[in-house]
Amino acid sequence: MGNMDQPQQITDAKKRYSAGVLKYAQMGYWDGDYVPKATDILALFRITPQEGVDPIEAAAAVAGESSTATWTVVWTDRLTACDMYRAKAYRVDPVPGIPGQYFCYVAYDLSLFEEGSIANVTASIIGNVFSFKPLKAARLEDMQFPVAYVKTFAGPPTGIVVERERLDKFGRPLLGATTKPKLGLSGRNYGRVVYEGLKGGLDFMKDDENINSQPFMHWRDRFLFVMDAVNKASAATGEVKGSYLNVTAGTMEEMYKRAQFAKELGSIIIMIDLVVGWTAIQSMSNWCRQNDMILHMHRAGHGTYTRQKNHGVSFRVIAKWLRLAGVDHLHAGTAVGKLEGDPMTVQGYYNVCRDTHTKVDLQRGIFFEQDWGALRKVMPVASGGIHAGQMHQLIDLFGDDVVLQFGGGTIGHPQGIQAGATANRVALEAMVLARNEGRDIKNEGPQILRDAAKWCSPLQGALDTWGDITFNYTSTDTSDFVTTPSVS
Amino acid sequence: MRITQGTFSFLPDLSDEQIGKQVEYCLDKGWAIGIEYTDDPHPRNTYWDMFGMPMFDVRDAAGIMLEVTACRKTFPQHYIRVTAFDSTHGTESVVLSFIINRPAKEPGFRLIRSEEPGRTIRYSIESYAVQAHAEGERY
């Protein structure tokens, strides 16, 4: 910000460390000339300073409170290499089109962080600053991790490539469905839904986030009935099938116990909810790596802090943390379904999951380049209010490496669950075939579906039931950027 | 029963023209194509026999289709699949695989349940055709 007076760090040590209160910028948390090192961890915050608070001082406060600072000067700083430990806000830009909000860039030295610990990263970066009084609101928009730090994480236990090799399924999105109703089915009834969906053509069925071990269905009953359904469907089709067994529980001990039972029954995949927390996620990731298990992550609860643009943590940051922490599947939005998601922003999340090297892409909300250091790729999952009639849009938006989950769009089919599953699988294969043949599926998609429905009555039934259903609401979380004028 | 492994098994069997278009798509992407056959279609039988090595240097669809025809002629009652390999860093695996030939009759699989203590069951899957006949005489 060229039009502001650049506050200066006090360099005279005697003045700097005399007891009392200084501005964060004076304490050394702002350096407009700082050039981030290749080994720095970078964070971009969107901040809304209180009235009268200078944006640069607010940025310095963010850097200070997320690294070494406290509200007053402490002499004990002088026992340390404190200049290195101080995070440095180095750039502040007004958010295009939104008065009062600023993008502030902060650099952190690598030695501020423990290796291989997302709990430590989050405690540092979002531990304190979000309740800081001089800010009305703050949002962590994006982060960049140096390869040196990326390599301290094992990442996804399975990853997209190995998952496909284990499943023997290539060249098309995978298909899934969440067993519904979410709550109340007995183990026996629950397994029925799983069998019908898998036999009809789905690759996966899924427990919902809140299916754990309730009075209507204890977890062991669910696992036993579900695995009978999975194996029976596998024999009936000749395909590898799976059902995400949710092992989320009150303690790690209980989660390990459930995961172990899932393994003993031959399940290829287990599931946990985001609400179990970062340490539990990394522990379960380790367990999955040891036990050849795919780890499905349901992002339960994320909407409480990812959705509003002015405050919280962007989902692209959550996705980066989860790729480091090590999950194989991650719900990352549908863009066209019932849940929040601007298409470009959602594509940004998908790229974070699947890229080997993520490039800056402001339209998709990606502010930093990210070299993933050969970390395995996370399979994004599109789930929530999608149906066969949107197949062309989904494949056009997300490509092949995605799990498309049609819950209601399978189980609610008028001719039954198997018919619902078949409709989705036929729509999917017909669309992939047409795309590979060079057809313009974005525009010809509806016709391609109608043609396939002529020989597939379940698909006709799906199109008749849901063909016109859309969820056209304005997205809350969109990217704010100025298009760089092209050189003419 | 119809085995539904592969990318396009829920569609009617592909014509040679349709197969040719998929092959062209793969070649345009720079992928290498291999042809594989088996008479043991167990879902976890990864290594179908290769009808020659992947054709890294055949870059026209007509050349691939000659091999498809030859494989079908040699193994008319086997499962045959076309498999595409992508050597790009970060993938280096199969990226498309679809069945282009199958036996006239597909007897399917038997699900074997071994009952264990508690209500635990161990499952295995066995192909009826594999169980009934030796390799090469199954279909």
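A short tour of the structure in this document, coming up.

Reading the values: the criteria
- Here the residue index of a chain counts from 1 through its sequence in written order.
- Whichever chain is written first is A, and whichever ligand is written first is 1; the rest continue in order.
- For this predicted model, a pLDDT threshold of at least 70 governs which residues receive local features, and a threshold of 80 or more governs which side-chain atom pairs are given and counted, while totals over whole chains, interfaces and linings are taken from all residues.
- Partly exposed residues are those whose C-beta has more than 12 but fewer than 20 other C-beta atoms within 10 Å; 20 or more makes a residue buried and 12 or fewer makes it exposed, with C-beta atoms placed from the backbone.
- Where helices and strands are cited, they refer to DSSP runs of H or I of at least four residues and of E of at least two residues respectively, numbered from the N terminus.
- By this definition, two strands are paired if DSSP reports at least two bridges between them.
- With C-beta atoms placed from the backbone, a contact is any residue pair whose C-beta atoms sit within 7 Å.
- Here the nonpolar group is Ala, Val, Leu, Ile, Met, Phe, Trp, Tyr, Cys and Pro; Asp, Glu, Lys and Arg are the charged ones; every other residue, Gly included, is treated as polar.
- For our purposes the nonpolar core covers buried Ala, Val, Leu, Ile, Met, Phe, Trp, Tyr and Cys residues that link as a set through C-beta atoms within 7 Å.
- Between N-to-C directions, angles span 0 to 180 degrees; the directions come from axes that are lines fitted to C-alpha atoms, helices contributing only their stretch in contact.
- Multiplying one less than the number of residues by 1.5 Å gives the expected span of a helix.
- Working note: the arc is built from the helix axis to C-beta atom directions.

## What to know about the pairing of strand β14 (residues 379-383) of chain A
Residue and element names in this part refer to chain A.
Logical step 1: Buried residues dominate β14, accounting for 5 of its 5 residues.
Logical step 2: Of the two faces of β14, the one holding Met 379, Val 381 and Ser 383 and the one holding Pro 380 and Ala 382 are both buried throughout.
Logical step 3: Bridging between strand β11 (residues 329-331) and β14 involves 3 bridges; their strand directions are parallel. The partner of Leu 330 across the bridge, within β14, is Pro 380.

## Things to note about the sheet that holds strand β4 (residues 93-101) of chain B
All names here are of chain B.
Logical step 1: In spatial order, the strands read β2-β1-β3-β4; together these 4 strands make up an open sheet with antiparallel pairing. With partners counted over all chains shown, the strands left at the sheet margins are β2 (49-50) and β4, one partner each.
Logical step 2: Direction of pairing for strand β1 (residues 32-38) relative to strand β3 (residues 79-86): antiparallel, over a ladder of 7 bridges. Bridge pairing links Ile 33 to Ala 84 in β3.

## A closer look at the interface of chain A and chain B
Logical step 1: At the interface, 32 residues of chain A touch 32 residues of chain B.
Logical step 2: Counting only elements with at least two residues in the side of chain A that touches chain B, the list comes to α7 (159-167), α9 (219-237) and α17 (417-436) of chain A.
Logical step 3: If one sorts the elements of the side of chain A that touches chain B by residue count, α9 of chain A sits on top with 8 residues.
Logical step 4: Among the residues making up the side of chain A that touches chain B, the classes are represented as 12 nonpolar, 9 polar and 11 charged.

## Quick word on the pairing of strand β1 (residues 41-49) of chain A
Residue and element names in this part refer to chain A.
Logical step 1: Burial within β1 is extensive, with 9 of its 9 residues counted as buried.
Logical step 2: Across the two faces of β1 the burial is the same, with Ile 41, Ala 43, Phe 45, Ile 47 and Pro 49 and Leu 42, Leu 44, Arg 46 and Thr 48 all buried.
Logical step 3: Alignment of β1 against strand β3 (residues 102-108), held across 7 bridges, turns out to be antiparallel. If you follow Phe 45 over to β3, its bridge partner there is Cys 104.
Logical step 4: In this sheet, strand β4 (residues 135-144) lies alongside β1 in antiparallel orientation, the contact comprising 8 bridges. Looking at the pairing, Leu 44 lines up with Asp 142 of β4.

## Some words on the nonpolar core
Residue and element names in this part refer to chain A.
Logical step 1: In this structure, Ala 59, Val 62, Ala 89, Cys 104, Val 106, Ala 427 and Leu 459 are the most contacted members of the largest nonpolar core, which totals 166 residues.
Logical step 2: Among the elements that make up this core, the one with the highest residue count is α17 (12 residues).
Logical step 3: Setting aside anything within four residues of it in sequence, one finds Ala 59 in contact with Trp 30, Ile 47, Ala 89, Val 92 and Cys 104.

## A closer look at the sheet that holds β3 of chain A
Residues and elements named next belong to chain A.
Logical step 1: Taken in spatial order, the 5 strands line up as β2-β3-β1-β4-β10 in an open sheet, and their pairing is mixed. Bordering the open sheet on either side are β2 (88-94) and β10 (312-313), each of which pairs with just one other strand.
Logical step 2: When β2 meets β3, the two strands line up antiparallel, connected through 6 bridges. The residue of β3 that forms the bridge with Pro 94 is Tyr 102.
Logical step 3: Of the strands in this sheet, β1, β2, β3 and β4 touch helix α3 (residues 55-65), which is tilted by about 140° from β2.
Logical step 4: Sitting on the sheet, helix α13 (residues 315-325) touches β4 and β10, and the angle it makes with β4 is about 45°.

## Quick look at unusual backbone geometry
Residue and element names in this part refer to chain A.
Logical step 1: A cis amide bond links Lys 180 to the next residue, Pro 181, at an omega of -5°.
Logical step 2: For Pro 181, the position within the fold is in the loop between β5 (174-178) and α8 (187-200).
Logical step 3: With phi around 65°, Ala 335 is a residue other than glycine that occupies positive phi space.
Logical step 4: Position of Ala 335 among the secondary structure elements: in the loop between β11 and α14 (343-354).
Logical step 5: Assessed through the 24 C-beta atoms surrounding it within 10 Å, Ala 335 is described here as buried.

## A closer look at helix α10 (residues 252-264) of chain A
What sets the pattern is the α-helix's 3.6 residues per turn: residues three or four places apart point alike.
Residue and element names in this part refer to chain A.
Logical step 1: In this model α10 runs 18 Å from its N-terminal to its C-terminal C-alpha over 13 residues, within 8% of the 18 Å that 1.5 Å per residue would give.
Logical step 2: Within α10 the residues assigned to the buried category are Met 255, Arg 258, Ala 259 and Ala 262. Projected down its long axis, α10 carries its buried residues within an arc of 100°, all on one side.
Logical step 3: At the exit of α10 stands Gly 266, carrying a positive phi of roughly 90°.

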